[in-house]
Amino acid sequence: MEKIEPIQTGHARDIEGAKMGMWVFLFTEMLLFGGLFLLYSVYRSKYSAEFHGSAAELDIVLGTVNTLILLTSSLTMVLSLSALQKGQRGLSLLLQSATVLLGVIFLVNKYFEWSAHIHQGIYPDSPVLLAMKRGNIIFFSLYFVMTGIHGLHVLIGAGVIAGMAVFTLQGKLGPDNFVMLENSGLYWHFVDIIWIYLFPLFYLIV
Amino acid sequence: MIRRENSPHSGSFYDDGGRYRGLLAWLFTTDHKRIGILYLISVLTFFAAGVTLGLLMRLNLIDPGRFISERTYNSLFTVHGVIQIFLFIIPAIPTTLGNFFLPLLIGARDVAFPRINLLSWWLFILGGIIVVLSLFTGGGAPDTGWTFYAPYSIRTTSNVSLALFGVFILGFSSILTGLNFVTTIHRLRAPGMKWFRMPLFVWSLYATAWTQILATPILAIAVLLLVLERMFGIGFFDPTKGGDPILFEHLFWIYSHPAVYIMILPAMGVVTEIFPVFARRTVFGYRAIAFSSLAIAFFGYLVWGHHMFTSGMSDTSRIIFSLITFLVAVPSGVKVFNWIATLYKGSIEVYSPLLFSLAFIFLFSIGGLTGLINGTLSLNLYIHGTYFIVAHFHYTMFGGTGFGFFAGLHYWFPKMFGRMYSERAARAAWFVMFIGFNILYFSMFLLGLQGMPRRYFQYLPQFRTNHIVSTIGSWIFVAGLLIMFGNLIWSLARGQKAPDNPWGGKTLEWQIPSPPPRENFEEIPVVQHGPYKFD
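Below, the structure is looked at part by part. Quantities reported herein were computed from a predicted structural model and do not represent experimental measurements.

Cut-off values and rules
Residues numbered from 1 in each chain as written. Chains lettered and ligands numbered in written order. Predicted model: local features only at pLDDT ≥ 70, side-chain atom pairs only at ≥ 80, totals over all residues. Helix = DSSP H or I, 4+ residues; strand = E, 2+ residues; numbered from the N terminus. Rg over C-alpha atoms; globule rule 2.2 N^0.38 Å. Buried ≥ 20, exposed ≤ 12 C-beta atoms within 10 Å, placed from the backbone. Contact = placed C-beta atoms within 7 Å. Axes fitted to C-alpha atoms, helices over the stretch in contact; angles between N-to-C directions. Parallel < 35°, antiparallel > 145°, perpendicular 65-115°, else oblique. Left-handed = near helix turned anticlockwise from the far one by under 90°. Nonpolar A, V, L, I, M, F, W, Y, C, P; charged D, E, K, R; others polar. Core = buried A, V, L, I, M, F, W, Y, C linked by C-beta atoms within 7 Å. Expected span 1.5 Å × (residues − 1).

Quick look at the overall build of chain B
Move 1: From N to C terminus, chain B includes 15 helices and zero strands.
Move 2: Here the C-alpha radius of gyration of chain B, 23 Å, is about what a compact globule of 535 residues would show, namely 24 Å.
Move 3: Taken along the three principal axes of its C-alpha coordinates, chain B extends 65 × 50 × 45 Å.
Move 4: Residues counted as buried form 57% of the 535 residues belonging to chain B.
Move 5: Counting only contacts in chain B whose residues sit at least 6 apart along the sequence, the fraction spanning at least 24 positions is 83%.

Structural data, given as structure tokens:
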């Protein structure tokens, strides 16, 4: 007879299962952005010259700063998980708050970036944009839609981590119950990775 | 739910609602069986709405313009499609029979994420209500066809945005169900329930769940972009702004072709459970059936281009898409031959679940073989956008998935509700439906070959005879549906008490009381052998 491993069933906590669900969910998120990256590739190959030109109008300094901010926030996120696993609730709470704060700073920078464009009259369907070449129109539409949907994910991620901070404060999360924080972290790293691709595709193709 | 003394429900999950009482015990339940029933009620309600719209379309075509205006007709075929696809046929089997029986079949107490399961039902209802609301608000019911092709879907003043938003939410619900099922199958199988000891319905749900996970996000982004296009004029699908409407077709079919397999795979799983039980012998070619489910899911992901042969794609891609389309027929054929081989030399007992399953094979085979005609590049150019296509997908989706769903309903009804239905009425319903179905849709094959285009409000005189035949078929078919649901609903209250195992099934769900207790199994069973061990 083969050895039969008892498997946790029913309502018992299943950490592996919870993580698996999160990974599968992230996979669907990747495919959601995949549709956008598909559009990007098609239009980039169709209008490469215009993409080249329009990219020069983006603020590369602000883009770089935002990249550094998100990367740092991923670091604070993973450190907060380590701290929680080692039982240092206070430190973990501090690092979680830092992650949320960095996420918010990212969004504030994004807000200034977007406002600058809108101030110049560049936003979807604007007269200024419609007067440009077709490739430029598509570039800026892609820019607004892709960074917009990404920004929405940053907002959701920051909200979720803020929720985790509350749970940590209430003692619902601890060294033997950290899977929710770990899953939130996975989500946050995913959001970070998407930006790692958006940054070169929009800012660095000059 | 009706509860009486000595009712078959005492001690079952109908008695044990958890924290809440009354209706709330249903609306806030995390019990997979109750959620399955909630889904069943919702899905069948939407089905009734979809059938009604279909009947009205057929009514118009008997004498165009007499009963219904052109504009209304456009809305009818759009909303009929949206409801039947997103609110009936996609969720039909996984969320109802799947939710109810997946944990039972693998020996678990519930799915992996019971609360997410409830959330996905709530999202389903929310999405459904939004889709229905779009009929009566804004600029009137959507009139683009269920495919929402750009650029018309960008320009029309009808209420497309709201309907798209509803579809987006439904997609979310579908993803959560898929995610839940994959994790459940990986994590919650009973001890000894190895991968190749799982009932084949579970395998088909597994393949379906992966397809839901892999394909639905693309639909989500496609409809989201269409909404953004309508609200902000982003121009991705608008040629005047440098966009390309064909790209919308690609994004749409990258989801919507795999969705075809989200619809059919669970039905294949259902009939695979039924054949061994009524032939009283083990299934022929267990592994071949299991792997063919995965193969269908895999190839199904790579053939979306065959919906777009006339869109101006390059010949190279058209030939490749056509070739891969033919490859889908291989695993589908494997399944059909295995079902027939399972029946061969079995001691067959003919009950209504088997009759519905046999109808499934017959109708699905016609649908599948005409699918090869559609997939042939040269023939496709001739029949593209005609009634031939309409007949083809109704044979696969309704003749296939619909009849598979009805087979499963009759097979598992005693277990779900603890009562038997009238077998005579069920057979009568099956007979009337089978006849009506073929009259209704086979005439559409003929119309298509004659050149009648789909979605047309008016037609030339030479198409009249077949249109009348088809409409009469629709009445016969609906009469069959009424007998069937009348029988099942009557039996809910008046049927005889069902034994635990009325058909002599060998899978785990038949080893527990009908209807099952709240926690399914008093003790988690230890599985020692495959699912279809008949002596």
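Structural notes on the overall build of chain A
Move 1: Along its length, chain A carries seven helices and zero strands.
Move 2: Reading the secondary structure of chain A in the N-to-C direction produces α-α-α-α-α-α-α.
Move 3: By its C-alpha atoms, chain A is 70 × 45 × 25 Å across when sized along the principal axes.
Move 4: Looking at chain A residue by residue over its 206 residues, the buried ones come to 37%.
Move 5: Considering only contacts within chain A whose residues lie at least 6 apart along the sequence, 78% involve residues at least 24 apart.

Focus: the packing of helix H2 (residues 32-62) of chain B against helix H4 (residues 114-136) of chain B
Axis angle and axis distance: for two packed helices, these are the angle between their axes and the distance between the axes, and together they describe the pair.
Residues and elements named next belong to chain B.
Move 1: At a minimum axis separation of 10 Å, H2 and H4 run at an interaxial angle of 15 degrees. It follows from the interaxial angle that H2 and H4 lie roughly parallel. Crossing of H2 against H4: the hand is left-handed. Contact residues: H2 offers His32, Ile35, Leu38, Tyr39, Ser42 and Phe46, while H4 offers Pro114, Asn117, Leu118, Trp121, Phe124, Ile125 and Gly128.
Move 2: For the contact of H2 with H4, the per-class residue count stands at nine nonpolar, four polar and no charged.

Topic: the interface of chain A and chain B
How big an interface is tends to be stated in terms of the accessible area lost upon association of its parts.
Move 1: Counting residues at the interface gives 30 residues for chain A and 35 residues for chain B.
Move 2: Looking at the side of chain A that touches chain B, the elements with two or more residues in it are helix H1 (15-46) and helix H6 (134-170) of chain A.
Move 3: Here the side of chain A that touches chain B gets 14 residues from one element, more than from any other, and that element is H1(A).
Move 4: Counted by class, the side of chain A that touches chain B contains 17 nonpolar, eight polar and five charged residues.

Focus on the nonpolar core
Move 1: Membership of the largest hydrophobic core comes to 215 residues, with the highest contact counts inside it found for Ile106(B), Val202(B), Ala222(B) and Phe360(B).
Move 2: Setting aside anything within four residues of it in sequence, one finds Phe360(B) in contact with Ala267(B), Val271(B), Gly400(B), Phe403(B), Gly404(B) and Ala407(B).

Details of the environment of Ala209(B)
All names here are of chain B.
Move 1: One can find Ala209 in helix H7 (residues 200-232).
Move 2: Under the C-beta neighbour-count criterion, Ala209 is labelled buried, with 29 such atoms within 10 Å.
Move 3: Residues Ala209 and Lys241, spaced 32 residues apart in sequence, show a C-alpha to C-alpha distance of 38 Å.
Move 4: Among residues more than four places away in sequence, those in contact with Ala209 are Gly178, Phe181 and Val182.

Some thoughts on unusual backbone geometry
All names here are of chain B.
Move 1: In this structure, Pro151 follows Ala150 across a cis peptide bond, with omega equal to 5 degrees.
Move 2: Here Pro151 lies in the loop between H4 and helix H5 (152-155).
Move 3: Here Ser514 and Pro515 are connected by a cis peptide whose omega angle stands at -15 degrees.
Move 4: Counting through the fold element by element, Pro515 comes out in the segment after helix H15 (464-494).
Move 5: Positive phi, close to 50 degrees, is recorded for Phe148, a residue that is not glycine.
Move 6: With respect to the secondary-structure elements, Phe148 resides in the loop between H4 and H5.
Move 7: Residue classification places Phe148 among the buried residues on the basis of 24 C-beta atoms within 10 Å.
Move 8: Although it is not a glycine, Lys345 sits at a positive phi angle of roughly 60 degrees.

Considering the packing of helix H3 (residues 60-85) of chain A against helix H7 (residues 179-203) of chain A
Residue and element names in this part refer to chain A.
Move 1: Running from N to C, H3 and H7 cross one another at 165 degrees; their axes reach a closest spacing of 10 Å. On the basis of their axis angle, the class for H3 and H7 is roughly antiparallel. As for the relative orientation of H3 and H7, their crossing is left-handed in sense. The residues of H7 that touch H3, namely those facing Ile60, Gly63, Thr67, Leu70, Leu71, Ser74, Met77, Val78, Leu81 and Leu84, are Leu181, Glu182, Gly185, Trp188, His189, Asp192, Trp195, Phe199 and Tyr203.
Move 2: Split by residue class, the contact of H3 with H7 holds 12 nonpolar, five polar and two charged.

Regarding H4(B)
Residues and elements named next belong to chain B.
Move 1: Compared with the 33 Å implied by 1.5 Å per residue over 23 residues, the 34 Å span of H4 between its first and last C-alpha is a close match.
Move 2: Of the surrounding elements, those touching the buried residues of H4 are H2, helix H3 (70-105) and helix H6 (160-187).
Move 3: With its phi angle positive at about 55 degrees, Gly138 sits one or two positions after the end of H4.

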